[in-house]
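Commentary on secondary and tertiary structure
Listed below, chain by chain, are the residues.
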Amino acid sequence: MIITFLHTISEEVTVFGKYLKEYRIKNELTQNQAATILNLQGGDLSNIDTVTLSRWERKTTTPTIDRSIRVLRVFSNDLEPYLIERSHQLKEECISKKKTYQFDILMNEKYHSAENILSKANYQFTTTNIEHRTVCEFPIEDFNDYKTARSIISFHEQTSDGDVKHGLSKIDFLNYCNQKRLIAYKYINCITDELLAHNVSAIFTSEEFNSEIIKLGEKKLDEIDLKKTVPYTPSRKLVYFAFSQHSLDEQPFRLQLNRQLKFLAKHSNITDYYTTVSTRKFMTYLESMGFSVVYREKKFLSCSVKKVSYHNPKALMHIKTSRLFTQPDFLNLLSRCQNCSNPC
């Protein structure tokens, strides 16, 4: 057990040092210049000197994974290669120690429990569930996706409180996607063209999103003002808010999360990740992964002429992206085949 642990640490030293030197040279910086730039970031990067940088690049020492991500993103916006390599190392460690990812256990409970299978039962004959490679992912980014956009807005009209008008219905959805203020994807059955899932996230500045958080309590999470979103740009720190996602099955759900993590890995100037959660089980899981609960709605009663119903409260959860990628579960989701839980 000790040998395996030391082997993993040694590999992390090698990987971080390799990418740090590669990114520094690519930016045509000396170690002294790189240290000065890091110092200007403040916090625990302000005390990095050339001696420390030299030790990192010579692979004799390494910072924590959280700190290593914050160091590397100063010099490169795309950290996916580094994170993928870290993921492969952790995967080998999990195999050697016969560990099981908590996320895989959660997915089995969510989509393959007897209760869930019974709730999805119908009178149509089918030999299998959604098969490997039959789920196709497409970005929602032009006006040809009008039908999909209407389906997503309709979904929110059905699942939100009848008195609440969801933020998506107050904006030009497709135009915001085209401007990269919203990052949206659809997941369809490649054979039947059936819509299986959707995933919509918004880009904010931290100032604008914090101003919306302050107003929660006066309004619901579904009413966060999407007009305050900004087009993605690599030149400033931004917030990623995953606010609309739904999936009929496990395979497209894994694809959704893989897409979000890839976007964050390739755009490391996004420093904060927020998401809405509507079940206690997922809330508990995310808390175990380092997320904090920013705001939690109270259970409320919806009354209309047609029906009276209770709506489950949602929670807004947050994590720093540098901490997000310290979790083996999320690194695994970033790198593995997401069409099924089995190796290809």
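Everything in this summary refers to the structure shown in the same document. Fair warning: this is a prediction, and the values are worked out from it, not measured in the lab.

Moving on, we get to the packing of aromatic side chains. Note on aromatic pairs: each is described by the distance of the centres and the angle between the planes. Within the structure shown, the criterion is met by 15 aromatic pairs. Note on Phe209 and Phe241: the rings are 5.0 Å apart at their centroids and 55° apart in plane angle, and the pair reads as tilted. With Phe209 in helix α10 (residues 206-215) and Phe241 in strand β4 (residues 238-247), the pair connects residues that are 32 residues apart, well separated along the chain. One exposure class covers both Phe209 and Phe241, and it is buried. Each residue in the set Tyr232, Tyr240, Phe263, Tyr273, Tyr285, Phe291 and Phe330 is aromatic and connected to the rest through ring pairs, giving one cluster. Over the ring of Tyr176 we find Arg181, and its NZ or CZ is 4.0 Å from the ring centre.

Think of an α-helix as turning once every 3.6 residues; residues three or four places apart then point the same way. Listed as buried for helix α2 (residues 31-39) are Ala34, Ala35 and Leu38. Buried residues of α2, viewed axially, fall in a sector of 100°; they line one side.

A few words on the side chain of Thr321. Relative to the assigned elements, Thr321 resides in helix α13 (residues 321-324). Reaching out from Thr321, the side chain makes a polar contact with the backbone oxygen of Ile270 at a distance of 2.8 Å. Setting aside chain neighbours within four positions, we find Thr321 in contact with Arg73, Leu264, Ile270, Thr271, Asp272 and Tyr273.

A few words now on the environment of Cys136. With respect to the element layout, Cys136 can be found in strand β1 (residues 135-139). Expressed as a C-alpha distance, the spacing of Cys136 and Pro252, which sit 116 residues apart in the sequence, is 8.5 Å. Those residues within four positions of Cys136 in sequence are excluded, and the remaining contacts are Lys186, Tyr187, Ile188 and Cys190.

Within the secondary structure, Met107 is located in helix α6 (residues 102-112). C-alpha of Met107 to C-alpha of Arg254: the two residues are 147 residues apart in sequence and 9.0 Å apart in space.

Moving on, we come to the pairing of strand β5 (residues 270-277). Every regular strand shows the same layout, with side chains that alternate between the two sheet faces. Of all eight residues that make up β5, eight are buried, and the element is covered over most of its length. Strand direction decides the pairing type here: β4 and β5, joined by five bridges, are parallel. By the bridge assignment, Val239 is partnered in β5 with Asp272. What joins β4 to β5 is helix α11 (residues 250-266), and the crossover it makes is right-handed.

Turning our attention to empty space enclosed by the protein. In this structure the tally under the stated criterion is two cavities of 30 Å³ or more. Quantified by volume, the largest cavity comes out at close to 50 Å³. Residue lining of the largest cavity: His166, Gly167, Leu221, Asp222, Ile224, Leu226, Phe241, Phe243 and Thr276, and that is the complete set. Grouping the constituent residues of the lining of the largest cavity by class yields five nonpolar, three polar and one charged.

The nonpolar side chains of a soluble globular protein tend to be buried with one another. Ranked by internal contacts, the top residues of the largest apolar core, which has 63 residues, are Val71, Leu83, Ile203, Phe291, Phe325 and Phe330. No other element matches α11, which puts seven residues into this core. Residues contacting Phe330, with those up to four places away along its chain left out, are Leu261, Tyr285, Leu286, Met289, Phe291 and Leu324. Judged by nonpolar contacts, the second largest core, of 26 residues, contains Leu168, Cys177, Val200 and Phe241.

Another aspect to go through is the packing of α2 against helix α3 (residues 50-57). The N-to-C vectors of α2 and α3 enclose an angle of 110°; their axes lie 9 Å apart at closest approach. What the angle tells us is that α2 and α3 run roughly perpendicular. As α2 runs across α3, the sense of the crossing is right-handed. Contacts between α2 and α3 involve Gln31, Asn32, Ala34, Ala35 and Leu38 from the former and Thr50, Leu53, Ser54 and Glu57 from the latter.

Read across the open sheet, the seven strands follow the order β1-β2-β3-β4-β5-β9-β6; overall the sheet is mixed. Both edges of this open sheet fall to β1 and β6 (292-296), since each of them pairs with a single strand only. Geometrically, the sheet is characterised by an average inter-axis angle of 20° between neighbouring strands, direction not taken into account. Sheet analysis places β1 next to strand β2 (residues 182-189), joined by five bridges and oriented antiparallel. Looking at β2, one finds that Glu137 is bridged to Tyr187. Here α11 sits on the sheet and contacts β1, β2, β3 (195-204), β4 and β5; the angle it forms with β4, its principal contact strand, is near 170°.

About the thresholds
- Residues numbered from 1 in each chain as written.
- Predicted model: local features only at pLDDT ≥ 70, side-chain atom pairs only at ≥ 80, totals over all residues.
- Heavy atoms only, no water.
- Phe/Tyr/Trp six-rings, centres within 6.5 Å; stacked < 30°, edge-to-face > 60°.
- Helix = DSSP H or I, 4+ residues; strand = E, 2+ residues; numbered from the N terminus.
- Buried < 20%, exposed > 50% of the residue type's maximum accessible area, 1.4 Å probe, protein only.
- Lys NZ or Arg CZ within 6 Å of the ring centre and 35° of its normal.
- Arc of directions from axis to C-beta.
- Polar contact = N/O pair within 3.5 Å; in protein donor to acceptor, adjacent residues only side chain to side chain.
- Contact = heavy atoms within 4.5 Å.
- Pairing = 2+ DSSP bridges.
- Right-handed = clockwise from strand over helix to strand, strands pointing away.
- 1 Å grid on protein atoms, 1.4 Å probe; cavity = no way out; pocket = protein on both sides within 12 Å on 5 of 7 lines; lining within 4 Å.
- Points joined across faces, edges and corners; volume = space filled by probe spheres on them.
- Nonpolar A, V, L, I, M, F, W, Y, C, P; charged D, E, K, R; others polar.
- Core = buried A, V, L, I, M, F, W, Y, C linked by side-chain atoms within 4.5 Å.
- Axes fitted to C-alpha atoms, helices over the stretch in contact; angles between N-to-C directions.
- Parallel < 35°, antiparallel > 145°, perpendicular 65-115°, else oblique.
- Left-handed = near helix turned anticlockwise from the far one by under 90°.

These figures come from the coordinates and say nothing about function on their own.
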